[in-house]
Each structure stands twice: as structure tokens, then as C-alpha cells.
Amino acid sequence: MVKVVFEVNGRTIELDVEPNELLINTLRNRLGLTGTKYGCGIGECGACTVLVDGEPMLSCLLLTVDVNGKRVETVEGLTSERNPSEVQKAFMEEGAIQCGYCTPGFIVMAEYMRRRNVEPVDENIKEYLKGNLCRCTGYINIYKAVRKALKAR
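All of these numbers come straight from a predicted model, not from anything done at the bench. (Residues numbered from 1 in each chain as written. Predicted model: local features only at pLDDT ≥ 70, side-chain atom pairs only at ≥ 80, totals over all residues. Heavy atoms only, no water.)

Q: Summarise the overall build of the protein; cite the residues concerned and give the values.
A: The helix and strand inventory of the protein stands at six helices and five strands. Starting at the N terminus, the α and β elements of the protein follow one another as β-β-α-β-β-β-α-α-α-α-α. Here the C-alpha radius of gyration of the protein, 15 Å, is about what a compact globule of 153 residues would show, namely 15 Å. In terms of overall dimensions, the protein has a C-alpha envelope of 45 × 30 × 25 Å along the principal axes. Taking all 153 residues of the protein together, the buried fraction comes to 46%. Contacts spanning at least 24 positions in sequence make up 57% of the contacts within the protein whose residues lie at least 6 apart. Here the protein has roughly 7900 Å² of accessible surface; of this, 46% comes from carbon and sulfur atoms. If the 20 positive side-chain charges of the protein are averaged to one point and the 20 negative ones to another, these points end up 5 Å apart. (Helix = DSSP H or I, 4+ residues; strand = E, 2+ residues; numbered from the N terminus. Rg over C-alpha atoms; globule rule 2.2 N^0.38 Å. Buried < 20%, exposed > 50% of the residue type's maximum accessible area, 1.4 Å probe, protein only. Contact = heavy atoms within 4.5 Å. Areas by Shrake-Rupley, 256 points an atom, 1.4 Å probe, with all protein chains shown as cover. Lys, Arg positive; Asp, Glu negative; His and termini not counted. Charge placed at Lys NZ, Arg CZ, Asp CG, Glu CD.)

Now the structure itself:
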């Protein structure tokens with residue numbers, strides 16, 4: 001076992017983990033943060049996207065020991081039912097949620113785009129979201145929601 005100390009959504013976490021424990025499993029199974037979804041397990045779908053020190057990372061490919069001393073933000077840390085973020089509001093208003101499985105990854109990436117002040121044009125949105133897959137929609141409402149959230153800053 002390896003001791004790790006890191007921050008998750010503003011809370012300091014101290015855990016003993018196996019050296020090969022994936023961050024997604026730590027978040028979901030040990031910390032109860034089930035907003036981060038396990039999709040493909042090979043870094044192809046984006047459902048497990050989290051921010052590590054402000055940068056998007058795929059938690060299905062990241063070992064928990066690799067976030068030792070770092071700051072992790074999950075979708076739960078970016079949004080809440082009582083105080084939805086601009087991104088969350090835009091997704092609801094634009095009907096960008098169907099089954100919802102991919103939504104946390106899209107919301108994390110859209111929040112990353114907002115923080116980077118990405119211009120709300122289709123080419124940028126498609127480029128940033130190319131690692132996030134949705135099997136329910138044609139992406140149109142997702143792109144509309146992200147565009148709306150980026151313009152709301």
C-alpha cells in the first residue's frame with residue numbers, strides 16, 4: 001500500500017492505496033463520487049474526465065498515486081443542484097442531456113474551456129470535445145450548450 005494525500009473538490013483526502021489503483025475507482029468506490037463515469041476503460045470516451053491541477057485527465061487511465069499532492073476536481077465539485085454552474089444551466093436549457101452517462105465528462109471539459117476563455121466557435125468546441133463520445137445525441141444540443149456556456153462568461 002502507498003499513502004497518498006490529495007485534494008478532491010476542495011477537501012483534503014489521505015488514503016492508503018494499491019500502487020495500481022486507478023483514480024476512477026478511488027473516486028467512485030472509495031470516495032462515493034459517482035458523477036465520474038466509467039465508460040470504456042481505455043481512454044476513448046471521455047466519460048471519466050476530471051480536472052487535475054486544472055487540466056483535463058482521463059481518470060480511467062490515471063493511477064491514484066499519480067495525483068499525490070495534486071488538486072482533483074470532479075463534476076460534483078463543479079456543479080450542484082442548488083447552485084448550478086453556467087455550464088450545467090446551459091446543458092439543461094439546451095436539452096443537451098439524454099441518458100446522461102456522458103454528461104459529466106462534457107461538463108468537465110466545457111468548464112475547462114470556460115476557464116481557458118476559449119472562443120465560442122464551432123471549430124474550437126469540436127476540437128476540445130473530440131475526446132468525449134455520446135451515443136444518444138447527434139451532438140448538436142451539446143455544442144449549443146457549450147457555446148451558450150462560453151458566451152455567458
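Once the structure has been displayed, the description carries forward.
Q: Kindly report on the nonpolar core, identifying the contributing residues and their values.
A: Core analysis: the largest hydrophobic core is formed by 26 residues, its most contacted members being Phe 91, Phe 106, Met 113, Ile 125, Leu 129, Ile 142 and Val 146. Here this core gets seven residues from one element, more than from any other, and that element is helix H4 (residues 103-115). Leave out the neighbours within four places in its chain, and Val 146 touches Phe 91, Ala 110, Met 113, Ile 125 and Leu 129. Formed by 15 residues, the second largest nonpolar core is a distinct cluster that contains Leu 15, Leu 27, Leu 33 and Val 72. (Core = buried A, V, L, I, M, F, W, Y, C linked by side-chain atoms within 4.5 Å.)

Q: Got a sec to walk through unusual backbone geometry? Specific residues and values, please.
A: Phi is positive for Asn 9, which is not a glycine, with a value near 50°. Mapped onto the elements, Asn 9 comes out in the loop between strand E1 (2-8) and strand E2 (11-17). With a phi close to 55°, Asn 117 is a non-glycine residue in the positive phi region. Secondary-structure assignment places Asn 117 in the loop between H4 and helix H5 (122-128).

Q: I'd like to hear about the sheet that holds strand E4 (residues 55-58), residue by residue, with values.
A: The strand order across the open sheet built from five strands is E2-E1-E5-E3-E4, with neighbouring strands paired in mixed fashion. Across the chains shown, the open sheet's two edge strands, defined by having one partner strand only, are E2 and E4. Ignoring strand direction, the axes of neighbouring strands in this sheet form an average angle of 40°. Sheet topology note: the strand E3 (residues 49-52)/strand E5 (residues 71-73) ladder contains two bridges and is antiparallel. Following the sheet pairing, Leu 51 is matched in E5 by Glu 73. Contacting E1, E2, E3 and E5, helix H1 (residues 23-30) crosses the sheet at an angle of about 110° to E2. On the sheet, H4 packs against E3, E4 and E5 and is oriented at approximately 35° with respect to E3. (Pairing = 2+ DSSP bridges. Axes fitted to C-alpha atoms, helices over the stretch in contact; angles between N-to-C directions.)

Q: Before we move on, could you go through the layout of surface pockets and cite the residues and values that matter?
A: As a volume, the largest pocket reaches approximately 190 Å³. Lining the largest pocket are Gly 39, Cys 40, Cys 45, Ala 47, Cys 99, Tyr 101, Cys 102, Leu 133, Cys 134, Arg 135 and Cys 136. Here the residues of the lining of the largest pocket are counted per class, giving nine nonpolar, one polar and one charged. (1 Å grid on protein atoms, 1.4 Å probe; cavity = no way out; pocket = protein on both sides within 12 Å on 5 of 7 lines; lining within 4 Å. Points joined across faces, edges and corners; volume = space filled by probe spheres on them. Nonpolar A, V, L, I, M, F, W, Y, C, P; charged D, E, K, R; others polar.)

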